[in-house]
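Below, each chain spelled out in residue letters.
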Amino acid sequence: MMRNKYWLYLIFFIFLSCKTSQKNNNSSISIDPYKYTIQKSTIAENGAVVSAHPLASKVGVEILKMGGNAIDAAIATQLALAVVYPQAGNLGGGGFMVAKLGNGKEIAIDYREMAPGSAHRDMYIDSAGVARTDKSQDGHLSSGVPGTVAGLFESAKYGKLSFDKLIQPAIDLAEKGFTISEREARSLNTLQDELKQFNTVTPVFIKESGWKEGDTLVQTDLTQTLKRIKEKGAAGFYEGETAKLIVEEMKRGSGIITSSDLKNYTAKLREPHTFDYKGYKVLGMPMPSSGGILLHQMMKMIEERNIASMGFQSTQAVQLMTEAERRAYADRAEYMGDADFYKVPVDMITHPVYLQERMKTYDPAKATPSTMIKPGILIRAESKETTHLSVIDKEGNAVAVTTTLNNSYGSKTVVGGAGFFLNDEMDDFSIKPGVPNMYGAVGGEANAIMPGKRMLSSMSPTIVLKDNKPFLVVGTPGGTTIPTSVFQTIVNIIEFNMSTEDAVYKPKFHHQWLPDTLAIEKGFPQMVIDSMQKMGYHFYERGAIGRTEIIKVLANKKFEAVADNRGDDDAEGW
Ligand code: DON
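Residues numbered from 1 in each chain as written. Predicted model: local features only at pLDDT ≥ 70, side-chain atom pairs only at ≥ 80, totals over all residues. Heavy atoms only, no water.

Per the domain assignment, the segments of the protein are domain 1 (54-269 + 388-447) and domain 2 (272-385 + 459-573). Relative to domain 2, the C-alpha centre of domain 1 lies at a distance of 26 Å. Across the contact, 51 residues belong to domain 1 and 52 residues belong to domain 2. Taking both sides of the interface into account, the surface hidden between domain 1 and domain 2 amounts to around 3,800 Å²; carbon and sulfur atoms contribute 64%. Seen at the junction of domain 1 and domain 2, the total is four salt bridges. One salt bridge in this structure joins Asp340 and Lys268, with 3.0 Å as the shortest N-O distance. Where domain 1 packs against domain 2, one counts 14 residue pairs in polar contact (both at pLDDT 80 or more). (Domains from an automatic or database assignment. Contact = heavy atoms within 4.5 Å. Buried area = accessible area lost by both parts, 1.4 Å probe. Salt bridge = Lys/Arg side-chain N within 4 Å of Asp/Glu carboxyl O. Polar contact = N/O pair within 3.5 Å; in protein donor to acceptor, adjacent residues only side chain to side chain.)

This part is about the pattern of salt bridges. Counted according to the given criterion, the structure contains 38 salt bridges. Here Arg183 and Asp568 are joined by a salt bridge, their closest N and O atoms 3.1 Å apart. A residue is classified by how much of its surface remains accessible, and Asp568, at 12% relative accessible area, is buried. It is possible to trace a salt-bridge network through shared partners that takes in Asp110, Lys268, Arg270, Asp340 and Arg454. (Buried < 20%, exposed > 50% of the residue type's maximum accessible area, 1.4 Å probe, protein only.)

Here Asp72 is to be found in helix H3 (residues 70-84). Within the local environment of Asp72, its side chain forms a polar contact with the backbone nitrogen of Lys160, the two atoms lying 2.8 Å apart. The contact partners of Asp72, leaving out residues within four places of it in the chain, are Ile63, Gly159, Lys160, Leu161 and Leu166. (Helix = DSSP H or I, 4+ residues; strand = E, 2+ residues; numbered from the N terminus.)

The next thing to look at is empty space enclosed by the protein. Taking a probe equal in size to a water molecule and rolling it over the atoms shows the remaining empty space. Here the largest cavity defines a volume of roughly 100 Å³. Looking at the lining of the largest cavity residue by residue, the classes come out as four nonpolar, eight polar and four charged. If you count residues domain by domain, the lining of the largest cavity takes at least three from each of domain 1 (54-269 + 388-447) and domain 2 (272-385 + 459-573). Size it by volume and the second largest cavity reaches roughly 80 Å³. In this structure, the second largest cavity is lined by 14 residues; those nearest its centre are Asp428, Ala441, Val442, Gly443 and Asn447. (1 Å grid on protein atoms, 1.4 Å probe; cavity = no way out; pocket = protein on both sides within 12 Å on 5 of 7 lines; lining within 4 Å. Points joined across faces, edges and corners; volume = space filled by probe spheres on them. Nonpolar A, V, L, I, M, F, W, Y, C, P; charged D, E, K, R; others polar.)

The next thing to look at is the sheet that holds strand E16 (residues 539-542). Spatially, three strands are ordered E14-E15-E16 in an open sheet, and the strand pairing comes out mixed. The strands lining the two open edges of the sheet, one partner per strand, are strand E14 (509-510) and E16. Alignment of E14 against strand E15 (residues 518-521), held across two bridges, turns out to be antiparallel. Within E15, the residue paired with His510 across the bridge is Ala519. (Pairing = 2+ DSSP bridges.)

Per-residue confidence for the protein gives a mean pLDDT of 94; residues scoring 70 or more make up 94%. pLDDT under 50 marks residues 14-27. Its contacts with residues more than four places away, or in other chains, come to three contacts. (pLDDT = per-residue confidence, 0-100.)

Attention now moves to H3. With 15 residues, H3 ought to run about 21 Å at 1.5 Å a step, and its terminal C-alpha atoms sit 20 Å apart, in line with that. For H3, the tally of buried residues reaches 15 of 15 residues, placing the bulk of the element in the interior. For H3, the N-terminal cap is Asn69; the gap from its side-chain oxygen to the backbone nitrogen of Ile71 is 3.0 Å. (Expected span 1.5 Å × (residues − 1).)

Between H3 and helix H5 (residues 148-156), whose axes approach to 9 Å, the crossing angle comes to 160 degrees. As summarised for this structure, H3 and H5 are arranged roughly antiparallel, according to the angle between their axes. As for the relative orientation of H3 and H5, their crossing is left-handed in sense. Packed against H3, whose contacting residues are Ile71, Ile75, Gln78 and Leu79, the element H5 presents Leu152, Ser155 and Ala156 at the interface. (Axes fitted to C-alpha atoms, helices over the stretch in contact; angles between N-to-C directions. Parallel < 35°, antiparallel > 145°, perpendicular 65-115°, else oblique. Left-handed = near helix turned anticlockwise from the far one by under 90°.)

Next up on the list: the site of the ligand. Around the ligand, the surrounding shell holds 16 residues, and the nearest of these are Thr386, Glu425, Asp428, Ser457 and Gly479. Here a nitrogen atom of the ligand sits 2.6 Å away from a polar atom, N or O, in the side chain of Glu425. The separation between an oxygen atom of the ligand and a polar side-chain atom of Ser457 is 2.7 Å. Relative to its unbound accessible area of 340 Å², the ligand is 96% covered by the protein chains. (Near = heavy atom within 4 Å. Areas by Shrake-Rupley, 256 points an atom, 1.4 Å probe, with all protein chains shown as cover.)

Reported here for the second largest pocket is a volume of approximately 390 Å³. The wall of the second largest pocket is formed by 15 residues, among which Lys469, Pro470, Val553, Leu554 and Lys557 lie closest to the centre. Of all the elements in the fold, those that place two or more residues in the lining of the second largest pocket are strand E10 (386-393) and strand E13 (469-475). Each residue belonging to the lining of the second largest pocket can be placed in one class, and the counts come to seven nonpolar, one polar and seven charged. For the lining of the second largest pocket, the two domains that each supply at least three residues are domain 1 (54-269 + 388-447) and domain 2 (272-385 + 459-573).

Here's what the structure looks like:
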């Protein structure tokens, strides 16, 4: 009898302790924000998250472990990035999500910033007719109405966990602080002068003695903003105290975002732009991003030309891809802009006959000068800093998110009392026909400023399906180089059969029609440069092109997650 009782007590005790540990798992996340390492790649069975910051990737995986799906993890990762990666992670910017859901649905969420109600076409042209890129690229007037918070709540409709759980890790990171890396310290130090110039209230990022590796960054104002969002949902950002702080900041700095601009902002559910490539199905971002359509055009322009036989980074392959890039970007400049405001001829510029016609001037022996490539004739009747995250789970959900403030730290203006940077996304509009934006991209009518319109983007969160199941989840920052980086990464894997790491790490190149130059990364093969120079190409070596984060689903169904080695990017899985 006594013995039985003893066993009963023991079983009861074990049951209780299991319950408590389950509860602990559900309510808090155990990540040490003061001591963490970077992992560049991993192979996982249950799910994976790749992002620009180890703490953010770890938060995402913890959410998966708590029973969240890839959408939940993507939301929590973005919120964490808004704290630990202030140069691009954001509350004050916007982004796009492309997802293939476990139930087979394909969705795109557009939370791109929007021109304020009193914005107008010539708002950056001064009385002498000069386009004031200083005003469209920095400070209060450069900001569009932020979309991120609305986008996160729109995304949450497809998640499983409560928003409270998804935002808590970000609150903890902001409140308790985290250790910054050497790269982050350097980045904040180079920002100090601009921070002083573009802020009306001294932000926490200003440090007279300079930042150094190992410093702890605590963000008290941001904590309060996050708590308001936790408590009141999207209204905790677009209304009430946060909205008031944004509007007050605008008034102090001669910005134009009003409380009704904020209240009226909505994220939009769209259909991904899709196309097939040699049996794969590609899901890309539709307008207002040029990403999906550019990728479609470039891939179709090379599809029938047997690029695999030319070899990776052979002169022929690089030249072919360059010519495809050049032609697609000429169309971007002429035809692309927010399709809710401008009729973008999507079907025509992606039509096989049109694309064939575009490549008629392609000559494998020499460069086609950009002056000869006008945007295609339609066949009638017939930095810079952004951030990408890729997430996948074992329920069949795959999520690609690219989010941005535009330039590194956006407008450089932190909302006084609210602790987050505002974007400088207005520069992505064509502020004057023919005047290049900060990425050298030109545009005209299609991408002219109008109240409520969303500025044209290059962000390309992309999912490649094989047998209608996720195969690649990929994307990158890099302004106009985004679609070309995604293009090259996919071609490297599908055509050149490269390892996922090589596909990401090998030097990239970029042509965007204007300027008529071929940008290359350090380490690009000299032999290719020499032979292409003879064909009439003008090269210039630039800094890193993108920070590509990718997940590949292997034949054994495991997830191979690879983070770019061009930054502190990190891949986690479980
Ligand atoms: O939406 C766009 O195309 C740009 N605002 C993205 C900026 C960007 O990728 C900067 N990163 N290096």
